[in-house]
Amino acid sequence: MKIGVLASQGAFAEHIAVLEKLHTEAVPVRLPGDLAGVDGLIIPGGESTTISRLMDAYDLMGEIPARVKKGLPLFGTCAGMILMAKEVTGNGAKSLGLMDIKVRRNAFGRQVDSFETALVIPALGEIPFPAVFIRAPIIEQCQDGVTVLAELPDGTAVAARQGKLLVTAFHPELTEDPRLHQYFLDICSGKV
Ligand code: GLN
């Protein structure tokens, strides 16, 4: 299996390192041609407006949705989640508009712009996941067909899945726990 990691801007090197730890071939994606032969694509965290502008400049804005329509699995983390959402509050950036979720950018405000919390994600088992939030978005609304995978104690949705589309508001690539990447690989191989 070969997984592409969008390498326009942001935490792409960390995602590649986790995939390699899981003995999976990982390739940086900067141009449409880099998507050839990939079985899944990760859109990392970073600055969604910058990533969006670079995707536009390198003709990925049309190419990625075209491939998703043909079944390419996507995993968006933080800014990646913003870029996959059909609806975004507080955003000037152009989104790929692929997932039936409404997302709010920078939802935690300046007081608590970054934090780590042990998050229960039933799809991964009983052991909580160390979730790192950095100027993170939240999922405000989900349409039919979207499954919420994790919520903060106050009920805020921070991870979800719709078919082969997976999103987290936090950064799983910044922890030592590879379970979410493994879960995405299982989506790519059709195991889950
Ligand atoms: N605040 C960033 C944005 O709106 C996302 C932050 C992140 O990806 N860590 O794009």
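For the structure itself, consult the block above.
Okay, so let's go over this structure. Here the structure is a predicted model, which means the values were calculated and not measured. (Residues numbered from 1 in each chain as written. Predicted model: local features only at pLDDT ≥ 70, side-chain atom pairs only at ≥ 80, totals over all residues. Heavy atoms only, no water.)

1. Concerning the nonpolar core
- Ranked by internal contacts, the top residues of the largest apolar core, which has 65 residues, are Met55, Ile64, Leu74, Ile101, Ile121, Phe133 and Phe170.
- Per-element accounting of this core gives the leading share, 6 residues, to helix H5 (residues 179-188).
- When near neighbours in sequence (up to four residues on either side) are disregarded, Leu74 contacts Leu41, Ile43, Ile64, Val68, Met84, Leu98, Lys164, Leu165, Leu166 and Phe184. (Core = buried A, V, L, I, M, F, W, Y, C linked by side-chain atoms within 4.5 Å. Buried < 20%, exposed > 50% of the residue type's maximum accessible area, 1.4 Å probe, protein only. Helix = DSSP H or I, 4+ residues; strand = E, 2+ residues; numbered from the N terminus. Contact = heavy atoms within 4.5 Å.)

2. Some remarks on the side chain of Thr156
- Structurally, the position occupied by Thr156 is in the loop between strand E10 (147-151) and strand E11 (157-162).
- Classification of Thr156 as buried rests on a relative accessible area of 16%.
- In contact with Thr156, not counting residues within four places along its chain, are Ile138, Ala150 and Glu151.

3. Regarding the packing of aromatic side chains
- Overall, the coordinates contain 6 aromatic pairs when judged by the stated rule.
- Note on Phe75 and Phe184: the rings are 5.4 Å apart at their centroids and 40° apart in plane angle, and the pair reads as tilted. Taken together, the residues span a long stretch of sequence, with Phe75 in strand E4 (residues 74-77) and Phe184 in helix H5 at a distance of 109 residues. Phe184 matches Phe75 in its accessibility class, with the two residues each being buried.
- Plain terms: the ring middles of Phe133 and Phe170 are 5.4 Å apart, the flat faces sit at 55° to each other, and that makes the pair tilted. (Phe/Tyr/Trp six-rings, centres within 6.5 Å; stacked < 30°, edge-to-face > 60°.)

4. Some details on the pattern of salt bridges
- The full count for this structure, using the stated rule, is 9 salt bridges.
- Where Glu176 meets Lys21, a salt bridge forms, and the shortest distance between an N and an O atom there is 3.4 Å. Highlighted residues: Glu176 in the loop between strand E12 (165-168) and H5 and Lys21 in helix H1 (residues 12-21), separated in sequence by 155 residues.
- The partner of Arg104 in a salt bridge is Glu140, and the shortest N-O contact between them spans 2.5 Å. Taken together, the residues span a long stretch of sequence, with Arg104 in strand E6 (residues 99-104) and Glu140 in strand E9 (residues 138-142) at a distance of 36 residues.
- Residue classification places Arg104 among the partly exposed positions, given a relative accessible area of 34%.
- Take Glu140: its relative accessible area is 30%, and that puts it in the partly exposed class. (Salt bridge = Lys/Arg side-chain N within 4 Å of Asp/Glu carboxyl O.)

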